[in-house]
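Structural characterization, general
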Amino acid sequence: MRNMTGINNQKGLAMIVALLVLIALTLIVLSGSRNTTMQLRMASNMQSRVEALETSQAGLDYGFYLGQTTLRPTDNLICSQYHPDANCTSRIIDLPAPLDDSAAGPSNLLIEKTGGGYEEGTSISLGKKNYFRVESTFDNTANGQGRTKLVSGIKILEFTPE
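A quick note: this is a predicted structure, and the numbers were derived from the prediction, not measured. (Residues numbered from 1 in each chain as written. Predicted model: local features only at pLDDT ≥ 70, side-chain atom pairs only at ≥ 80, totals over all residues. Heavy atoms only, no water.)

Summing up its helical and strand segments, the protein chain has 2 helices and 5 strands in all. N-terminal to C-terminal, the α/β element order of the protein chain is α-α-β-β-β-β-β. A buried classification covers 27% of the 162 residues belonging to the protein chain. Sequence separation of 24 or more characterises 60% of the internal contacts of the protein chain that already satisfy a separation of 6 or more. Looking at the protein chain as shown, the accessible area adds up to about 11,400 Å², and 58% of this sits on carbon and sulfur atoms. (Helix = DSSP H or I, 4+ residues; strand = E, 2+ residues; numbered from the N terminus. Buried < 20%, exposed > 50% of the residue type's maximum accessible area, 1.4 Å probe, protein only. Contact = heavy atoms within 4.5 Å. Areas by Shrake-Rupley, 256 points an atom, 1.4 Å probe, with all protein chains shown as cover.)

What follows is the structure, encoded as structure tokens:
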């Protein structure tokens, strides 16, 4: 009869062990869920940064295109239509549709003349050189996404025939 009393005393132990295992499994699942959510946020932030960088790079490429096709040596300051710079009164340009997408965030382009003149004693001394700074900005922080600003330079040569 001794065995019967030992078994009767252990009836609730199985339930306590099962509850402890269930709590441990629940904590493991919650931890995995939290890690998955964090990875999803990190991937979304990375995608936002890459999109902002690519949009700024497209604006910079468009600035280089303007430099090769329509930029005049007399242009001192060229801005996109919604550029926040108050000094942008020289020449206003419209950005192409993929860059001027207000739903994705504002893109801005600024082309500023930084110098020029003749370079003596070189093979290009027959021409005048003009330096321009091209600045492309994409800012979508209002929608909780990325912002980038890229700056580069262009040198345009005007050759004068002898």
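In a regular helix each residue adds 1.5 Å, so 57 residues correspond to 84 Å; helix 2 (residues 13-69) covers 84 Å between its end C-alpha atoms and thus fits that length. Of the positions making up helix 2, those classed as buried are Ser-48, Ala-52, Ser-56, Gly-59, Leu-60, Gly-63, Leu-66 and Gly-67. (Expected span 1.5 Å × (residues − 1).)

Where a protein is soluble and globular, its nonpolar side chains tend to be buried together. With 14 residues, the main nonpolar core has Leu-71, Leu-109, Ile-111 and Val-134 as its most contacted residues. If you tally residues by element for this core, the top one is strand 5 (residues 147-159), at 3 residues. (Core = buried A, V, L, I, M, F, W, Y, C linked by side-chain atoms within 4.5 Å.)

Looking at where Gly-117 falls in the secondary structure, it is placed in strand 3 (residues 107-118). On the accessibility criterion, Gly-117 (16% relative accessible area) is buried. Along the chain, Gly-117 and Lys-128 lie 11 residues apart, while their C-alpha atoms are 5.5 Å from each other. Beyond its immediate chain neighbours, meaning those up to four positions away, Gly-117 contacts Lys-128 and Lys-129.

Okay, the pattern of salt bridges next. Pairing of side chains with opposite charge becomes possible as their charged atoms draw close. Following the criterion strictly, the structure yields 3 salt bridges and no others. We note a salt bridge from Glu-112 to Arg-133, for which the minimum N-O separation is 2.9 Å. One end of the pair, Glu-112, is in strand 3; the other, Arg-133, is in strand 4 (residues 127-139), with 21 residues separating them in the sequence. Exposure remark for Glu-112: the relative accessible area of 27% places this residue in the partly exposed category. Judged by relative accessible area, which is 25%, Arg-133 ranks as partly exposed. (Salt bridge = Lys/Arg side-chain N within 4 Å of Asp/Glu carboxyl O.)

This next bit is on the environment of Lys-149. Along the polypeptide, Lys-149 turns up in strand 5. Sequence separation of Lys-149 and Thr-55 is 94 residues, and the distance between their C-alpha atoms is 9.8 Å. Among residues more than four places away in sequence, those in contact with Lys-149 are Ser-56, Glu-135, Ser-136 and Thr-137.

Right, let's talk about the pairing of strand 1 (residues 77-80) for a bit. Successive residues of a regular strand alternate their side chains across the two faces of the sheet. Side chains Leu-77 and Cys-79 of strand 1 all project onto a buried face; the interleaved residues Ile-78 and Ser-80 project onto the opposite face, where all are buried too. Direction of pairing for strand 1 relative to strand 2 (residues 91-93): parallel, over a ladder of 3 bridges. Following the sheet pairing, Ile-78 is matched in strand 2 by Arg-91. (Pairing = 2+ DSSP bridges.)

The next subject is the confidence of the model for the protein chain. Across the protein chain, pLDDT averages 77, with 74% of residues at or above 70. Here helix 1 (residues 2-9) stands out as the least confident element of the protein chain, with mean pLDDT 58; helix 2 is the most confident, with 87. (pLDDT = per-residue confidence, 0-100.)

Time to look at the environment of Leu-53. Secondary-structure assignment places Leu-53 in helix 2. Here the alpha-carbon distance between Leu-53 and Lys-149, two residues 96 residues apart in the chain, equals 8.0 Å.

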